[in-house]
4 protein chains.
Amino acid sequence: MTARSAAGKRIDDIFPQLCTNSQLPGQVTPAINPSLVISEEPAQTDLAFICLPHAVAAETGARLLERGTKVVDLSADFRLHDVREYEQWYKHTHPVPALLETAVYGLCELHRERIRTTSLVANPGCHATTSILALAPAVAAGIIEPGVIIDSKTGISGAGRSLTLATHYAEVNEDVSAYSVLGHRHLPEITQELEEAAQAGSHPVSGGLRLTFIPHLVPMTRGILATCYADLQPGQRSLTTNDIRAIYEEYYANEPFVHVIDQPPHTKWSYGSNHCFIHPFVDTRTQRLIIISCLDNLVKGAAGQAVQNANLLYGFSESAGLSAIGINP
Amino acid sequence: MTARSAAGKRIDDIFPQLCTNSQLPGQVTPAINPSLVISEEPAQTDLAFICLPHAVAAETGARLLERGTKVVDLSADFRLHDVREYEQWYKHTHPVPALLETAVYGLCELHRERIRTTSLVANPGCHATTSILALAPAVAAGIIEPGVIIDSKTGISGAGRSLTLATHYAEVNEDVSAYSVLGHRHLPEITQELEEAAQAGSHPVSGGLRLTFIPHLVPMTRGILATCYADLQPGQRSLTTNDIRAIYEEYYANEPFVHVIDQPPHTKWSYGSNHCFIHPFVDTRTQRLIIISCLDNLVKGAAGQAVQNANLLYGFSESAGLSAIGINP
Amino acid sequence: MTARSAAGKRIDDIFPQLCTNSQLPGQVTPAINPSLVISEEPAQTDLAFICLPHAVAAETGARLLERGTKVVDLSADFRLHDVREYEQWYKHTHPVPALLETAVYGLCELHRERIRTTSLVANPGCHATTSILALAPAVAAGIIEPGVIIDSKTGISGAGRSLTLATHYAEVNEDVSAYSVLGHRHLPEITQELEEAAQAGSHPVSGGLRLTFIPHLVPMTRGILATCYADLQPGQRSLTTNDIRAIYEEYYANEPFVHVIDQPPHTKWSYGSNHCFIHPFVDTRTQRLIIISCLDNLVKGAAGQAVQNANLLYGFSESAGLSAIGINP
Amino acid sequence: MTARSAAGKRIDDIFPQLCTNSQLPGQVTPAINPSLVISEEPAQTDLAFICLPHAVAAETGARLLERGTKVVDLSADFRLHDVREYEQWYKHTHPVPALLETAVYGLCELHRERIRTTSLVANPGCHATTSILALAPAVAAGIIEPGVIIDSKTGISGAGRSLTLATHYAEVNEDVSAYSVLGHRHLPEITQELEEAAQAGSHPVSGGLRLTFIPHLVPMTRGILATCYADLQPGQRSLTTNDIRAIYEEYYANEPFVHVIDQPPHTKWSYGSNHCFIHPFVDTRTQRLIIISCLDNLVKGAAGQAVQNANLLYGFSESAGLSAIGINP
């Protein structure tokens with residue numbers, strides 16, 4: 001285990017709940033030895049999960065790949081294929097642009113086979129995972145117009161552990177607000193992946209998607225819920241909710257973690273689990289398709305998906321270590 | 001004070017925080033005598049606020065109007081002009097359809113002069129107030145297409161004090177979900193009022209609005225935030241956020257409670273107050289107009305607006321009794 | 001699976017998060033088949049967990065025991081040894097008083113060996129588990145005076161899923177209050193078990209404990225934290241916090257789920273896990289012993305402890321099915 | 001208005017909810033002009049409220065007093081009479097110890113007459129206000145033993161607006177924990193004031209109080225609830241809850257903001273108001289007196305009490321500007 005600010009500390013200094021005394025007989029053995037001291041430099045390992053700021057992540061990833069370590073990178077550094085797009089949104093020069101070619105966007109449901117054979121996985125953003133899973137079946141089936149609106153609601157943990165007024169309890173409790181309204185950084189990866197999914201489904205979007213993405217902060221710790229709106233294409237306006245659900249169920253027919261359901265989902269259903277719940281339906285008054293999807297931003301939206309990717313990288317069962325269901329209530 | 005289930009009880013049995021002993025010198029005098037006993041039948045009063053279920057409200061209102069009481073009705077019974085629309089959405093026969101002609105929709109900012117001279121005000125729904133205030137200037141100015149999407153987020157108090165799983169703390173805490181996705185009852189009043197506002201602004205919507213309204217429950221007690229999306233009309237795509245803001249500022253130029261602002265608003269800013277904050281801006285990538293508005297669902301969305309209406313009915317200062325600003329934090 | 005109000009429903013009607021489609025290859029298999037229909041009458045099983053109201057639980061338990069089923073009862077019906085005490089606190093005649101002799105109080109840390117050989121376990125209350133684990137080492141060591149004060153703080157889920165104003169989100173959010181101040185029903189079981197622990201430690205409390213227990217409701221879903229206060233006995237006033245910690249560590253030396261720590265614990269550390277964290281220390285200004293303990297009221301305080309008891313009843317590893325650590329954050 | 005970090009900013013940059021446009025006719029006039037620019041140096045004013053860190057507050061206060069400004073200081077610098085006590089708890093040399101003689105502890109209910117004639121008021125701490133109001137009548141009446149335990153629960157806003165892990169939403173939401181368990185800085189002022197109240201009631205505490213004070217953080221923004229425990233004196237054990245309530249009602253007979261009630265209070269009753277609710281009762285099983293009191297830590301526990309003090313300093317009605325009742329729900 002490696003960290004920058006926490007280097008030299010024991011893990012249980014930071015997370016005392018790991019203090020179970022694992023040596024004793026009959027005890028619950030934690031996955032991590034709580035007395036492990038965090039190092040500054042990564043040891044030689046088979047696999048590395050990188051959770052560093054933009055640019056630093058890319059440099060570290062490049063270094064680890066060189067010495068033969070497979071990498072699941074949780075930053076945004078390897079998510080976009082187009083380096084100009086990256087530099088426009090992230091405002092700095094990409095340190096290793098060549099790696100953008102080899103990196104695979106780690107949304108297992110869309111790129112499972114390519115993930116199995118790469119050594120560099122770009123773990124998707126939390127909003128991006130929620131939104132892409134919601135819309136991919138519809139764009140792949142070519143049933144919606146290119147004008148798409150995604151209204152996303154996320155808990156506070158998405159902002160990380162750093163200290164800002166936007167994560168101060170007294171500021172965000174009993175409050176809802178939109179943020180990054182002029183352009184959130186998950187927007188380009190959502191667009192890239194949905195346009196690719198449309199292509200993969202033989203329904204390329206001519207002219208590209210016209211996509212609006214507005215995230216909102218809601219007073220809870222975990223969970224993202226995306227409500228996605230798009231007009232049905234003129235030739236598809238006779239589609240019923242049942243028709244749409246059949247399209248979605250087929251698209252996700254063999255997925256362990258994606259569940260197409262017939263009622264609006266609750267973020268709480270996914271709390272602490274790697275599951276994603278998706279409810280597509282037709283707003284018959286307006287002939288719009290609406291899709292509501294949700295997941296735990298820290299699991300399927302981050303660490304759980306990273307483990308799922310690692311399982312693919314190593315040929316393990318894809319759901320190894322991910323058997324938890326949502327904690328309730 | 002009148003109530004059905006609480007008849008015979010003292011007010012401070014139900015709201016002990018009103019137990020300040022008001023007789024003593026130098027004391028804070030509460031507006032209500034806490035030892036008042038709640039009656040079952042309304043006394044003869046000049047004015048009545050009605051907070052009864054649908055249909056019961058209409059019957060009670062009719063009875064009170066007959067004996068000369070002015071009425072601010074917080075139910076939906078007098079909000080819709082078209083009795084067929086009402087009966088379709090509320091699933092019962094309207095008991096006094098003739099009164100729909102005389103009732104005025106009590107959104108003060110849109111119908112101030114008509115409210116002053118009526119005796120029956122239909123206090124708007126909380127979602128409806130938030131959404132209509134957000135969109136009225138745009139439809140009145142004729143700058144947006146008829147396709148409108150409203151994604152609304154509300155705290156739990158909007159569901160009232162009745163006991164349901166959807167208001168049970170352990171069920172809704174740490175949870176976000178959409179509800180009434182097949183058609184929320186505030187939808188027809190939003191449509192009616194926006195189409196009227198368009199007409200009033202000399203930009204009638206030919207063919208009517210194509211409006212989707214999806215409400216969501218977020219884990220907080222008070223507050224509504226509506227995020228509204230609409231394409232700019234082809235001839236209006238050069239409008240900038242500054243242009244739009246000027247339109248909104250003019251529309252609400254003399255309003256004490258509606259504030260057009262240049263950043264995304266926070267529901268907390270309105271907590272406990274009658275203020276509404278509106279942030280309109282152009283999503284330049286997609287040439288959409290986005291408007292975010294928020295207010296306290298129990299004040300400007302209910303009781304505060306009722307007081308504002310009563311002030312108009314009686315020629316009092318419109319802001320009498322409504323001087324509180326949002327409690328912070 | 002058996003229930004009264006839910007009989008005839010499928011499990012995933014009630015808990016849709018269990019809707020994972022378990023038949024497909026590569027999928028996460030849930031522990032429960034979500035399409036199972038809930039019955040009204042219990043099938044013949046080896047083991048039953050009973051979560052019924054007082055008195056009904058005792059009758060059901062007696063019936064199941066007769067047909068050879070082992071029982072872990074989560075009600076209070078078999079917790080108290082003295083039937084008069086039971087009838088005084090629970091205000092009805094005990095239906096099967098003879099079973100009070102055979103029932104074992106299911107606090108594994110105190111009665112492990114007796115649990116292994118019984119067929120009827122009385123699963124402890126959530127407040128009781130937290131408080132007894134906090135105080136047992138001190139009374140067993142005979143270091144504190146009989147005057148004990150327990151100030152407990154619990155999340156809302158402790159009140160169950162039934163609908164009351166005390167579980168209504170808008171009433172309890174942003175609120176702290178004490179409840180059952182004239183005598184909470186967990187008080188007699190705490191007293192019974194602590195006096196037994198004192199006896200077991202050869203330091204019987206002459207005259208009995210003089211115990212005050214005041215529970216408080218705090219706005220969160222899960223978690224209990226008990227702050228316990230007692231004067232050190234005159235002969236023990238030179239004991240330091242280190243001395244006390246040594247006593248506690250020895251008492252819980254081989255426990256998989258009880259952790260003696262050197263800082264104030266957080267309920268969040270136990271969220272979703274069966275772990276209990278205990279911090280004993282001396283208030284040197286006043287020569288009082290203070291012990292703060294916490295756990296998840298729904299796991300170690302209820303269902304997790306029931307599983308731990310079942311593991312003992314059947315000779316399984318005591319921590320089987322209980323390996324989760326606290327979900328963080 | 002003066003500030004250090006915010007100097008040069010407009011008020012509505014920091015608190016946009018103050019952005020009501022106050023110049024227009026018929027508008028709600030905010031107490032503060034939102035376009036006011038915050039200065040670094042205080043202007044010459046009649047009165048100053050000081051909210052600065054320890055030591056800086058004392059220096060600033062001394063400077064303002066010299067130029068004739070009356071001061072209500074919200075820091076702890078002038079609360080303790082004994083400079084050694086101050087220096088021991090606050091770990092620095094007091095910059096103007098002579099002022100400790102002239103400062104009056106600003107708990108209006110206890111020192112009303114002395115506040116009227118001073119020019120320097122030390123506004124009490126939030127925990128201290130809650131606890132002293134709870135216990136003063138009992139110590140003044142000489143009915144309890146000197147061993148007192150105060151278990152206090154406070155919302156997160158008590159920690160101020162500074163950024164720490166202890167105020168990070170994801171860390172404190174769904175969490176309860178104790179803090180400052182080895183000695184919170186409000187302890188000496190509680191002790192000082194209660195011993196004085198005992199003296200004032202002609203029941204001096206020989207040997208001093210033996211007081212334990214343990215504060216806890218609960219996941220809410222506002223509110224403090226203190227649960228106070230003390231044994232009744234041997235000669236007072238026949239006192240009933242009614243007797244005690246009579247003592248409390250007499251002690252607070254003319255108080256506009258302190259309410260003695262006959263049920264456990266809820267912090268929510270005081271939300272946003274200057275009111276304090278106190279419920280004293282006898283735990284008859286143990287002959288202990290228990291007093292539960294609560295208030296809004298930011299109002300009666302800070303800013304509201306500061307206004308109440310200012311009203312006394314200037315001979316205004318004591319409740320001027322403080323007429324709000326608790327926001328509900």
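Our next topic: the environment of Gly-315 of chain D. All names here are of chain D. In this fold, Gly-315 is placed in the segment after helix 10 (299-314). Taking relative accessible area as the criterion, Gly-315 reaches 61% and is therefore assigned exposed. The sequence separation of Gly-315 and Thr-117 amounts to 198 residues, and the corresponding C-alpha distance is 9.7 Å.

So, about the sheet that holds strand 4 (residues 120-122) of chain C. Reading across the sheet, the four strands line up as 1-2-4-3 (chain C) and stay open at both edges, with parallel pairing between neighbours. The open sheet has two free edges, formed respectively by strand 1 (47-50) and strand 3 (104-105) of chain C, since each of these has just one partner strand.

So, on to the environment of Glu-109 of chain A. All names here are of chain A. Mapped onto the fold, Glu-109 is located in helix 5 (residues 108-116). The exposure class of Glu-109 is buried, given its relative accessible area of 10%. Measuring from C-alpha to C-alpha, the distance between Glu-109 and Gln-192 comes to 15 Å, with 83 residues separating the pair along the chain. Residue contacts for Glu-109: discarding those within four places in its chain leaves Leu-133, Tyr-252, Glu-255, Phe-257, Val-258, Lys-300, Gln-305 and Gln-308. Within the structure, Glu-109 has its side chain in polar contact with the side chain of Lys-300 (distance 2.8 Å).

A separate point is the interface of chain B and chain A. Taken together, the contact pairs 46 residues of chain B with 46 residues of chain A. When residues of chain B are sorted by the area they lose upon contact with chain A, Glu-174, Val-176 and Arg-210 of chain B head the list and together hold 17% of the total. Put simply, chain B and chain A have four salt bridges between them. With a closest N to O distance of 3.0 Å, Lys-153 of chain A and Asp-151 of chain B form a salt bridge. Viewed at the interface, chain A and chain B are joined by 40 residue pairs in polar contact (both at pLDDT 80 or more). Of all the secondary-structure elements, those providing two or more residues to the side of chain B that touches chain A are strand 5 (144-154), helix 7 (169-172), strand 6 (177-178), strand 7 (210-217), strand 8 (224-232), strand 10 (276-283) and strand 11 (288-295) of chain B. Per-element accounting of the side of chain B that touches chain A gives the leading share, six residues, to strand 5 of chain B.

A cluster of nonpolar side chains, contributed by Leu-163 and Leu-165 of chain A together with Leu-163 and Leu-165 of chain D, occupies part of the molecular surface with about 300 Å² of accessible area. Relative to the elements of secondary structure, Leu-163 of chain A occurs in the loop between strand 5 (144-154) and helix 7 (169-172).

Glancing now at the relation of the copies chain B and chain A. Two chain copies, one operation linking them: a rotation about an axis together with a shift along it. For the pair chain B and chain A, the superposition axis carries a translation of 0.0 Å, the fit reaches an RMSD of 0.0 Å, and the rotation angle comes to 180°. Such values leave the two copies arranged in the relation of a two-fold axis. Residue by residue, 100% of the interface of chain B is reproduced at the interface of chain A, so both copies engage with the same surface.

So, on to helix 8 (residues 187-200) of chain C. Residues and elements named next belong to chain C. With 14 residues, helix 8 should reach 20 Å at 1.5 Å per residue; the first-to-last C-alpha distance of 20 Å fits that figure. Of all 14 residues in helix 8, ten are buried; the element is thus mostly enclosed. Residues Leu-187, Pro-188, Glu-189, Ile-190, Thr-191, Gln-192, Glu-193, Leu-194, Ala-197 and Ala-198 constitute the buried set of helix 8. Ser-202, located one to two residues past helix 8, shows a positive phi value of around 65°.

The subject of this paragraph is the interface of chain C and chain B. Each partner contributes to the interface: chain C provides 18 residues, whereas chain B provides 18 residues. Both faces combined, the contact of chain C with chain B buries some 1600 Å², and carbon together with sulfur accounts for 61% of it. When the area that chain C buries against chain B is broken down by residue, the three leading residues are Leu-163, His-168 and Tyr-169 of chain C, summing to 43%. Connecting chain C to chain B are two salt bridges.

Generally speaking, nonpolar side chains in soluble globular proteins are found buried as a group. In terms of nonpolar packing, the biggest core is built from 46 residues, with Ile-132, Ile-144, Ile-150, Leu-194, Leu-211, Tyr-248 and Leu-289 of chain A touching the most fellow members. Among all residues touching Leu-289 of chain A, those that are not within four sequence positions of it are Ala-138, Ile-143, Ile-144, Cys-228, Tyr-229, Ala-230, Leu-232, Ile-244, Tyr-248 and Phe-281 of chain A.

The subject of this paragraph is the relation of the copies chain C and chain B. Here chain C sits on chain B after a turn of 180° about the axis and a move of 0.0 Å along it, with an RMSD of 0.0 Å. Most of the interface of chain C is mirrored in chain B, where 100% of its interface residues again form contacts.

All names here are of chain D. Across the eight residues that make up strand 7 (residues 210-217), a large majority, seven, are buried. Pairing of strand 6 (residues 177-178) with strand 7, which is carried by two bridges, proceeds in the antiparallel orientation. The partner of Ser-177 across the bridge, within strand 7, is Leu-217.

Moving on, we come to empty space enclosed by the protein. Where empty space is left becomes clear once a probe the size of a water molecule has been rolled over the atoms. Throughout the structure, instances matching the rule amount to six cavities of 30 Å³ or more. The volume enclosed by the largest cavity comes to roughly 60 Å³. Forming the walls of the largest cavity are 13 residues, and the residues nearest its centre are Tyr-169 and Asn-173 of chain A, Tyr-169 of chain B, Asn-173 of chain C together with Asn-173 of chain D.

This paragraph deals with helix 10 (residues 299-314) of chain A. Because each turn of an α-helix spans 3.6 residues, side chains separated by three or four positions end up pointing in the same direction. Residue and element names in this part refer to chain A. Its 16 residues place the ends of helix 10 only 19 Å apart at the C-alpha level, less than the 22 Å of an ideal helix rising 1.5 Å per residue. When the local axis directions of helix 10 are compared, the greatest deviation, roughly 45°, occurs at Gln-305. For helix 10, the buried fraction is high: 13 of the 16 residues fall into the buried class.

The next subject is the confidence of the model for chain A. For chain A, the mean per-residue pLDDT works out to 94, and 96% of the residues sit at or above 70. Both confidence scores are given for the complex: pTM 0.97, ipTM 0.96.

In this section: the packing of aromatic side chains. The final tally for this structure, using the stated rule, is 20 aromatic pairs over all chains. Taking 5.0 Å as the distance between ring centres and 85° as the angle between the ring planes, the aromatic pair formed by Tyr-251 of chain A and Tyr-252 of chain A counts as edge-to-face. With a centroid separation of 6.4 Å and an interplanar angle of 45°, the aromatic rings of Tyr-271 of chain B and Tyr-271 of chain D are classed as tilted. Of this pair, Tyr-271 of chain B sits in the loop between strand 9 (258-260) and strand 10 while Tyr-271 of chain D sits in the loop between strand 9 (258-260) and strand 10 (276-283), placing the two residues on different chains. Of the two residues, Tyr-271 of chain B and Tyr-271 of chain D, both sit in the buried class. Stacked on the ring of Tyr-314 of chain A, the Lys or Arg Lys-70 of chain A has its end atom at 4.8 Å from the ring centre. The ring of Tyr-271 of chain B is capped by Arg-222 of chain B, whose NZ or CZ atom sits 5.8 Å from the centre of that ring.

Moving on to the pairing of strand 10 of chain D. All names here are of chain D. A large share of strand 10 lies buried, amounting to eight of its eight residues. Residues Cys-276, Ile-278, Pro-280 and Val-282 line one face of strand 10 and the alternating positions Phe-277, His-279, Phe-281 and Asp-283 line the opposite face, and both faces are buried. Relative to strand 10, strand 9 is paired through three bridges, and the arrangement is parallel. Opposite Val-258, over in strand 10, you have Cys-276 as the bridge partner. When strand 10 meets strand 11 (residues 288-295), the two strands line up antiparallel, connected through seven bridges. Along strand 11, the bridge assignment pairs Phe-281 with Ile-290.

This part takes up the sheet that holds strand 4 (residues 120-122) of chain B. All names here are of chain B. Sheet architecture is open: four strands sit in the order 1-2-4-3, paired in parallel fashion. Each of the sheet's edge strands pairs with one partner strand only, and the pair in question is strand 1 (47-50) and strand 3 (104-105). The pairing of strand 1 with strand 2 (residues 70-73) spans four bridges and is classified as parallel. When the bridges of strand 2 are listed, Ala-48 appears paired with Val-71.

Parameters at a glance
Each residue is numbered by its place in its chain's sequence as written, counting from 1. Whichever chain is written first becomes A and whichever ligand is written first becomes 1, with later ones labelled in order. Whole-chain, interface and lining totals are the exception, using all residues; otherwise, since this is a predicted model, local features are given only for residues with pLDDT of at least 70 and side-chain atom pairs are given and counted only at 80 or more. In computing side-chain values, all of the structure's heavy atoms are included and hydrogens and water are not. Only DSSP runs of H or I reaching four residues or more are called helices, and only runs of E reaching two or more are called strands; each is numbered from the N terminus. Note on classification: 1.4 Å probe, protein chains only; a residue is buried when its accessible area is under 20% of the maximum for its type, exposed when over 50%, partly exposed between these limits. Any two strands between which DSSP finds at least two bridges are classified as paired. Contact criterion: two residues are considered in contact whenever any of their non-hydrogen atoms come within 4.5 Å of each other. Polar contact is defined as a pair of N or O atoms within 3.5 Å, subject to the rule that within protein one atom must be able to donate a hydrogen and the other to accept it, and that residues adjacent in sequence are counted only when both atoms are side-chain atoms. A simple way to read buried area is as the amount of 1.4 Å-probe accessible surface that goes missing from two parts once joined, with both sides added. Salt bridges are counted wherever a side-chain nitrogen of Lys or Arg sits within 4 Å of a carboxyl oxygen of Asp or Glu. Nonpolar side chains (Val, Leu, Ile, Met, Phe, Trp, Tyr) are joined into patches within 5 Å and like charges within 9 Å, using only residues with over 30% relative accessible area and no salt bridge. Per-residue and other accessible areas follow the Shrake-Rupley method at a 1.4 Å probe size, with only the shown protein chains counted as cover for residues. Least squares is the method used to superpose the copies, on C-alpha atoms of residues holding a pLDDT of at least 70 in both. Multiply 1.5 Å by the residue count of a helix minus one, and that product is the helix's expected span. Grouping buried Ala, Val, Leu, Ile, Met, Phe, Trp, Tyr and Cys residues that are joined through side-chain atoms within 4.5 Å yields what is termed a nonpolar core. Throughout, the protein atoms alone are placed on a 1 Å grid, and a set of points is a cavity if a 1.4 Å probe fits but cannot get out or a pocket if it is open with protein on both sides within 12 Å along at least five of seven lines; lining residues have an atom within 4 Å of a point. Grid points are joined across faces, edges and corners, and a volume is the space filled by probe spheres set on the points. Bend is computed residue by residue as the angle between axes fitted to the seven residues ending at the residue and the seven residues starting at it. Each residue carries a pLDDT value, the predictor's own confidence for that position, ranging from 0 to 100. Any two rings among Phe, Tyr and Trp, with Trp reduced to its six-membered ring, count as a pair given centres within 6.5 Å; such a pair is stacked if its planes are under 30 degrees apart, edge-to-face if over 60, and tilted if neither. Comment: the charge-over-ring label is applied if NZ (Lys) or CZ (Arg) is within 6 Å of the ring centre and within 35 degrees of the ring normal.

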